Amino acid sequence: DAGVIQSPRHEVTEMGQEVTLRCKPISGHNSLFWYRQTMMRGLELLIYFNNNVPIDDSGMPEDRFSAKMPNASFSTLKIQPSEPRDSAVYFCASTYEQLNTEAFFGQGTRLTVV
Amino acid sequence: AQTVTQSQPEMSVQEAETVTLSCTYDTSESDYYLFWYKQPPSRQMILVIRQEAYKQQNATENRFSVNFQKAAKSFSLKISDSQLGDAAMYFCAYRSLWAGGFKTIFGAGTRLFVKA
C-alpha cells in the first residue's frame with residue numbers, strides 16, 4: 001500500500017490567494033483527519049470525517065478554511081483567502097475505526113503564505 | 001474535553017543510555033488508546049508504541065517501553081540504549097473511543113537530542 005498521499009509536498013503562495021491541499025487516504029479506511037502543525041501550537045486537529053461525513057470541525061480556525069470529502073478516496077482542505085499566519089505543515093491521516101487503533105499519516109504539505 | 005500535556009519541550013540523552021519522556025492527560029472516559037509518535041526531520045509521523053487503557057500491562061516494543069499509570073493519567077515513554085537515530089520530536093497522543101468518532105489529540109511534543 002502506498003500509504004496516505006498528500007499533494008503538493010510544498011506550496012508557496014501569496015497572501016489573498018486560494019490554496020487547495022489534497023489527500024488520498026489509504027484504501028479501505030473510513031476515517032480521515034486533517035491536522036495543522038506549527039511551532040507555536042503544535043499539532044492541532046482541524047476536522048475529521050467518518051464515512052465521508054464531517055463529524056467534528058470545531059478545530060477549523062475560521063470561515064476561510066473549508067474541507068470536503070466527496071468520496072472515500074479523496075479529500076481537500078481549502079483556504080480562501082490565505083494569510084501569512086496560515087503558514088504551517090498540514091497533515092492528513094486516515095484509519096479504519098473498526099480495525100485499527102492508530103491513525104496513519106501522510107508526509108504533510110508545507111504551506112508558506114508570503 | 002480531553003487534553004494531553006508534555007511538560008518537557010526538550011530532552012537530551014547520551015548515546016547508549018536511557019531516557020524517559022513524560023506525558024499526562026486528562027479525560028473522563030474509561031476506555032481509550034494512548035500513543036507515542038516519533039517525528040524525525042523528514043516530518044513523517046511514525047507510530048512508536050500504543051497502549052490500550054483497559055490493559056494494565058505496560059506496552060513494550062524493542063527498546064521502547066511505557067509506564068502507564070491510569071489512575072494518575074500518566075503515560076511516559078522510556079527509550080533504552082538510545083541511538084543517534086532516535087533523535088526526533090516525540091508526541092504523546094490520546095485517542096477517544098466514544099461512539100461517533102475516534103479523533104486523536106496530540107501533546108505539544110518533546111524534542112529529543114542524542115549525543116554521540
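Structure: above.
Residues numbered from 1 in each chain as written. Chains lettered and ligands numbered in written order. Predicted model: local features only at pLDDT ≥ 70, side-chain atom pairs only at ≥ 80, totals over all residues. Heavy atoms only, no water.

Asker: Before we go on, may I ask you to explain the overall build of chain A in this structure?
Answerer: In terms of helices and strands, chain A carries zero helices and eleven strands. The helix and strand sequence of chain A, counted from the amino end, reads β-β-β-β-β-β-β-β-β-β-β. Taken over the C-alpha trace, chain A has a radius of gyration of 13 Å; the compact-globule value for 114 residues is 13 Å, and the two agree within 12%. Counting only C-alpha atoms and orienting by the principal axes, one finds that chain A spans roughly 40 × 25 × 25 Å. Evaluated residue by residue, chain A yields a buried proportion of 51% over its 114 residues. For chain A, the accessible surface area stands at approximately 5,500 Å², while carbon and sulfur atoms represent 50% of it. Averaging the coordinates of the 10 positive side-chain charges in chain A and doing the same for the 13 negative ones gives two points 4 Å apart. (Helix = DSSP H or I, 4+ residues; strand = E, 2+ residues; numbered from the N terminus. Rg over C-alpha atoms; globule rule 2.2 N^0.38 Å. Buried < 20%, exposed > 50% of the residue type's maximum accessible area, 1.4 Å probe, protein only. Areas by Shrake-Rupley, 256 points an atom, 1.4 Å probe, with all protein chains shown as cover. Lys, Arg positive; Asp, Glu negative; His and termini not counted. Charge placed at Lys NZ, Arg CZ, Asp CG, Glu CD.)

Asker: Help me understand the nonpolar core in this model?
Answerer: As a rule of thumb, nonpolar side chains are buried together in soluble globular proteins. Of all hydrophobic cores here, the largest spans 26 residues; its most connected members are B:Tyr25, B:Trp36, B:Phe75, B:Leu77 and B:Tyr90. The dominant element in this core, judged by the number of residues it contributes, is strand β10 (residues 88–96) of chain B, at four residues. The contacts of B:Leu77, once residues within four sequence positions are left out, are B:Val19, B:Thr20, B:Leu21, B:Trp36, B:Ile49, B:Phe64, B:Ser65, B:Val66 and B:Tyr90. Counting residues in hydrophobic clusters, the runner-up holds 21 residues, among them A:Val19, A:Met69, A:Ile79 and A:Leu111. (Core = buried A, V, L, I, M, F, W, Y, C linked by side-chain atoms within 4.5 Å. Contact = heavy atoms within 4.5 Å.)

Asker: Even after reading the chapter, I still don't get a nonpolar patch on the surface, so can you show me in this structure?
Answerer: Residues A:Val53, A:Ile55 and B:Trp98 make up a contiguous nonpolar surface patch of about 240 Å² in total accessible area. Among the secondary structure elements, A:Ile55 is positioned in strand β6 (residues 53–56). Residue classification places A:Ile55 among the partly exposed residues on the basis of a relative accessible area of 35%. (Patch = residues over 30% accessible without salt bridge, like charges linked within 9 Å, V, L, I, M, F, W, Y side chains within 5 Å. Salt bridge = Lys/Arg side-chain N within 4 Å of Asp/Glu carboxyl O.)

Asker: Mind showing me how you'd approach the pattern of salt bridges here?
Answerer: Pairs can form between side chains of opposite charge whenever their charged atoms are close. In the structure shown here, the tally under the stated rule is twelve salt bridges over all chains. Two residues, A:Arg36 and A:Glu44, come together in a salt bridge whose shortest N-O distance is 3.2 Å. The residue B:Asp26 makes a salt bridge to B:Lys73 at a minimum N-O spacing of 3.6 Å. Here B:Lys73 lies in the loop between β8 (64–69) and β9 (74–79) and B:Asp26 lies in strand β4 (residues 24–26), a separation of 47 residues in the sequence. In this structure B:Asp26 comes out as partly exposed when scored by relative accessible area, which is 41%. Connected through shared salt-bridge partners, A:Glu62, A:Arg64, A:Glu83, A:Arg85 and A:Asp86 make up one network.

Asker: Would you mind showing me how to read the environment of A:Val12 here?
Answerer: Residues and elements named next belong to chain A. Position of valine 12 relative to the elements: it lies in strand β2 (residues 10–13). Valine 12 sits in the exposed class, given a relative accessible area of 61%. Put simply, valine 12 and valine 114 are 102 residues apart on the chain and 7.4 Å apart in space, counted from C-alpha to C-alpha.

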